[in-house]
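The primary structure of each chain is shown beneath.
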Amino acid sequence: MAINQLDQLKKITTVVADTGDFGSMKAYAPQDATTNPSLVLKAASQPDYAPIVDQALKDAGAGASLSAVIDRLLVLFGVEILKIVPGRVSTEVDARLSFDREASVAKAHEIIALYEKSGIDRERVLVKVASTWEGIKAAEQLQKERINCNLTLLFSFPQAVACADAGVKLISPFVGRILDWHKKNSGHDFAPAEDPGVISATEIYNYYKKFGFKTEVMGASFRSKGEILELAGCDLLTIAPTLLGELAASTDPVVRKLDPQTAAKADLKQVHFDEKAFRFALNEDAMATEKTAEGIRVFSADIVKLEKLIAQKRG
């Protein structure tokens, strides 16, 4: 019997579910799962998940701030997800703290404390922080405290280099959003092998493996199955349920595209960025600057919507 593409991919890449929907996780049996404010908002707005929202309100108590309730809601979703997946869950720090190093660290401490109070070992949690300079420096501090971080909203090589030098556990290059920008600004589409997001993630993967960085690369934000297959062999890939379904429905062969041994032979030079060089390099990259800012705005807006949902529930 032919093996479907999803099962083939799982042999060379850790497959992660990019969703807040428990049913999809059970259906596709990923190793890990990632959430973000937009995904949690979508799930929390559905009647099936009302008990989790009610539980968050109950646990936080009548006098708790909306922020405290949101933290409990995110962690409750994470706890339920960890009953389904055998690996890790990613839970996001409030995007409105993306330029505040100290507040991001404090929020991560609160999130981890809630997980540990629920009986979840911190090794099963990745705290998601935006790939701003402040976010990367917050993650560097958190990693020293054995709080593993997932640096999200990552769109450029300088962001990836700074994350590796900071010793973060994992990064999430946003492949599809990079493609979105280039399609909009060039007026034409790209074949998967020529996809700017695929090329960016490949460059980062090869650099990490070439120089022995332990930071894991998790491709994210995919627009097509073709993008995913071009990154087969990446450390991890976080995939939305619709694309997991497409992979599960096909038995075409999956060819490994990324490989540590090939990366080790790549003609690359090691580079470093201090804060000034990082900010200038990011500013020089219009796509990365615009998409990082846009991503922070969108996640921040969805946190506000989530707060309004909680406030309505409170009555």
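Computed from a predicted model, the values in this text were never measured in an experiment. (Residues numbered from 1 in each chain as written. Predicted model: local features only at pLDDT ≥ 70, side-chain atom pairs only at ≥ 80, totals over all residues. Heavy atoms only, no water.)

Participant: Got a minute to help me understand the nonpolar core in this structure?
Facilitator: Most often, soluble globular proteins keep nonpolar side chains buried together rather than apart. Counting residues in hydrophobic clusters, the biggest one holds 101 residues, and the most contacted among them are Leu-73, Ile-171, Tyr-208 and Ile-239. Examining the composition of this core, we find that eleven residues originate from one element, helix 5 (residues 66-82), more than from any other. With near-sequence residues (within four places) excluded, Tyr-208 lies in contact with Ala-160, Cys-163, Ala-164, Ile-171, Phe-213, Thr-215 and Val-217. (Core = buried A, V, L, I, M, F, W, Y, C linked by side-chain atoms within 4.5 Å. Buried < 20%, exposed > 50% of the residue type's maximum accessible area, 1.4 Å probe, protein only. Helix = DSSP H or I, 4+ residues; strand = E, 2+ residues; numbered from the N terminus. Contact = heavy atoms within 4.5 Å.)

Participant: What is the right way to look at the side chain of Lys-107 in this model?
Facilitator: Following the sequence through the fold, Lys-107 ends up in helix 6 (residues 101-117). Reaching out from Lys-107, the side chain makes a polar contact with the side chain of Ser-67 at a distance of 2.9 Å. Excluding residues within four positions of it along the chain, Lys-107 makes contact with Ser-67, Asp-71, Val-93, Asp-94 and Leu-97. (Polar contact = N/O pair within 3.5 Å; in protein donor to acceptor, adjacent residues only side chain to side chain.)

Participant: What exactly am I supposed to notice about the pattern of salt bridges here?
Facilitator: In a structure, side chains of opposite charge can pair up when their charged atoms sit close to one another. Counting across every chain of the model gives 21 salt bridges. Measuring nitrogen to oxygen at the nearest pair gives 3.4 Å for the salt bridge that ties Glu-110 to Lys-107. Placement of the pair is Glu-110 and Lys-107 together in helix 6, with a separation of three residues, close to one helical turn. With its nearest N and O atoms 2.8 Å apart, the salt bridge here joins Glu-116 to Arg-122. Residue Arg-122 is classed as buried on the basis of its relative accessible area of 17%. Connected through shared salt-bridge partners, Asp-32, Arg-88, Lys-169 and Glu-216 make up one network. (Salt bridge = Lys/Arg side-chain N within 4 Å of Asp/Glu carboxyl O.)

Participant: Whenever I open this one, the packing of aromatic side chains confuses me. Can you help?
Facilitator: A ring pair, where both rings are aromatic, is described by two values, the distance of the centres and the angle of the planes. According to the stated counting rule, one finds nine aromatic pairs in the structure shown. For the ring pair Phe-22 and Phe-77, a centre distance of 5.8 Å and an interplane angle of 55° mean the geometry is tilted. Placement of Phe-22 in helix 2 (residues 22-28) and of Phe-77 in helix 5 is noted, with a sequence separation of 55 residues between them. Judged by its relative accessible area of 1%, Phe-77 is buried. Summarising the aromatic geometry, the rings of Trp-133 and Phe-278 are spaced 5.2 Å apart at their centres and angled 50° between planes, so their arrangement reads as tilted. Separated by 145 residues along the polypeptide, Trp-133 in helix 7 (residues 133-144) and Phe-278 in helix 14 (residues 275-284) bring together distant segments of the chain. Of the two residues, Trp-133 and Phe-278, both sit in the buried class. What links up through ring pairs into an aromatic cluster is the set Phe-157, Tyr-207, Tyr-208, Phe-211 and Phe-213. (Phe/Tyr/Trp six-rings, centres within 6.5 Å; stacked < 30°, edge-to-face > 60°.)

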